[in-house]
Amino acid sequence: MSNILALIEVTSTGSLVNTAPGLLAAAAKLGTPVAVVTVAPGTGTALAEELGTLGASQVFVAECEQVGAVLGSPQLEALVAATTALTPVAIVVANSADGRDAAARLAVRIHGGLAVDAVDLRLDADRVVVTHSIFGGAYVVESVVEGGIPIVTVRSGAIQGPVAATTPTVTTETVTVDESMSSVIDAVHEVATSSTRPELREATTVVSGGRGLGSKESFELVDRLADALGAAVGASRAAVDAGYVPQSLQVGQTGSTVSPQLYIALGISGAIQHRAGMQTAKTIVAINKDPDAPIFEIADYGIVGDVFTVVPQLIDAIQNRAKQ
Amino acid sequence: MRIVVLVKQVPDTYEERKLDVTTGLLDRRASDAIIDEISERAIEVALKHKDSDSTTEVVLLSMGPASLTASLRKGLSFGADSAVHVLDDGLGGADLGWTSTALAAALATTGYDLVIAGNESTDGRGGMIPAMVAERLRVPHLTFLDSVEITVDRASGLRESESGTLTVHAMLPAVISITERVPEVRFPNFKGILGAKKKPITVLTLGDLGIVPDPQLASVGRSVIVSTIERPPRAAGVKVVDEGNAGSELAEFLATEHLI
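Scope of this entry: the structure provided in the associated data block. Computed from a predicted structure; not experimentally measured.

Regarding the overall build of chain B
Now for step 1: If you tally the helices and strands in chain B, you get seven helices and 13 strands.
Now for step 2: Expressed along its principal axes, the backbone C-alpha trace of chain B runs to roughly 65 × 45 × 40 Å.
Now for step 3: In chain B, buried positions account for 53% of the 260 residues.
Now for step 4: Restricting to contacts in chain B with at least 6 residues of sequence separation, those with at least 24 account for 70%.
Now for step 5: As displayed, chain B has an accessible area near 11,500 Å², and 54% of this comes from carbon and sulfur atoms.
Now for step 6: Of the charged side chains in chain B, 26 are positive and 36 negative; the average position of the first set lies 6 Å away from that of the second.

Let's talk about the pairing of strand S8 (residues 154-161) of chain B
Residues and elements named next belong to chain B.
Now for step 1: In this structure, strand S7 (residues 141-150) lies alongside S8, joined through five bridges in antiparallel fashion. Paired with isoleucine 150 across the bridge in S8 is alanine 155.
Now for step 2: Hairpin connection between S7 and S8: a loop of three residues separates the two successive antiparallel strands.
Now for step 3: Relative to strand S9 (residues 164-171), S8 runs antiparallel, the two being bridged by eight bridges. Of the residues in S9, the one forming a bridge with serine 161 is glycine 164.

A look at the packing of aromatic side chains
Now for step 1: Considering all chains together, one arrives at three aromatic pairs over all chains under this definition.
Now for step 2: Seen in terms of ring centroids, A:Tyr301 and B:Phe253 are 4.5 Å apart; in terms of plane orientation they differ by 35°. Their pairing is tilted. In this pair, A:Tyr301 sits in strand S16 (residues 301-304) while B:Phe253 sits in helix H7 (residues 246-256), so the two residues belong to two different chains.
Now for step 3: Across the ring face of B:Trp98, the terminal group of B:Arg222 is positioned such that the distance to the ring centre comes to 4.4 Å.

What counts and how
Residues numbered from 1 in each chain as written. Chains lettered and ligands numbered in written order. Predicted model: local features only at pLDDT ≥ 70, side-chain atom pairs only at ≥ 80, totals over all residues. Heavy atoms only, no water. Helix = DSSP H or I, 4+ residues; strand = E, 2+ residues; numbered from the N terminus. Buried < 20%, exposed > 50% of the residue type's maximum accessible area, 1.4 Å probe, protein only. Contact = heavy atoms within 4.5 Å. Areas by Shrake-Rupley, 256 points an atom, 1.4 Å probe, with all protein chains shown as cover. Lys, Arg positive; Asp, Glu negative; His and termini not counted. Charge placed at Lys NZ, Arg CZ, Asp CG, Glu CD. Pairing = 2+ DSSP bridges. Phe/Tyr/Trp six-rings, centres within 6.5 Å; stacked < 30°, edge-to-face > 60°. Lys NZ or Arg CZ within 6 Å of the ring centre and 35° of its normal.

Here it is in structure tokens:
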């Protein structure tokens, strides 16, 4: 089988970013998954083993002195080196900020072709066919790359891992970066990830709140329902703009696009931009006191009512069922 | 300092947007074309610097069909000095490779100290163009900035990614992109709206940029659409009015559907 490179992102503290299993699963759909990971010299062994447990047949460890000091360039040079060494037929990266930067510069460097924000991919008679969900899922588009190596960015949560564990072969190579073409990392402020809730884009259930929650304090009702369901918390742009929650929770046109089994919209009117981020959910439940809210047009189960009376009753009912 | 802002015209997200299912390309007749909100925020970053340094020149650069002029005039009304419009039938349906090639060539023509773009457009949502342009120009990229500070020789700011929040900087010349965390664009004043009509818009064709489509564009890996399917619209399901027990009934529904 042909080599498929997967660019694995590593946090500033040296652990794997949670997109790794999905990327290796995506690579395995096309060929032999090869994890490409960039580390400070001498620190790759444990990560290589961990990548084997996630299904990497081979791990290409690129050691670089400037890891953590410059933005993106070590990862780019790692992909260039791995492409030269392993002649892959496709390269997959996360559709994250860092992943997209690496993919973009790599495409120019190796004259590859980009297929962005893939929700699925497959091999069809030696062609890599990539599925995209366009305009918030209104269209399903398939694309191929002609005339260069396909470089595919994969939507977080769209392709689930992990695949079967292996004992990977490990190749280590040293890469250097051109600092005149690199931005500099001056400081790292690690985000506090104290949340025990699932990641928004990967969750099977999402509970989102909108302007109808009324205040930052009462948005806590969304958290309570999410915790009762083991769900991730999301929000509409109106709730973000009103300061109820940070922007990282925004679902919609300019926030996260989610496609869970169950999406519960609380106090969200359902503006077209919000629907663009969630309308491919399998089941949509909406609770809103405005009977004319557009969210009801796409809800499988809509309740015209006050979230502050309906939701506490729902939480009680869920908890009573759990006890039975 | 010359700041070039990359501007994109997109279908209005307040309307239904359509693709042509035979070509997979945007159906431009289906919705109004407007300047992307994220492009407006990028313009604001440039104008804010111009506020503090009147020698700064702000140039808008965009690629698109003839109708793009209206969006460029809107952009100029906020206070930018001039605009460059890359217009060529040979660029119809251009993918990321072609678009970044044309924009980088245009930047080489206009000259720049700093290029500012939105992190991703609301239509394509690729988020690739800024870093691709940077690679073609062989300058640093500094993308997805939540805040920006510009000084005479550098751009810096906060960047959030999977690996954490970082303080980062690039020495100029550089290409930066901003997120919707940066402030909204100012309102154009009356003088700005009137003045926008008189500001220069330079039109550049592929020939002006010295780009010969074949072989220069043909040698780049190309994204080709093989199928486009419109998903059937979602139908509304059950809608009940709460009469005191809707919460319990919803729990019942979720249990029946095996969702809890």
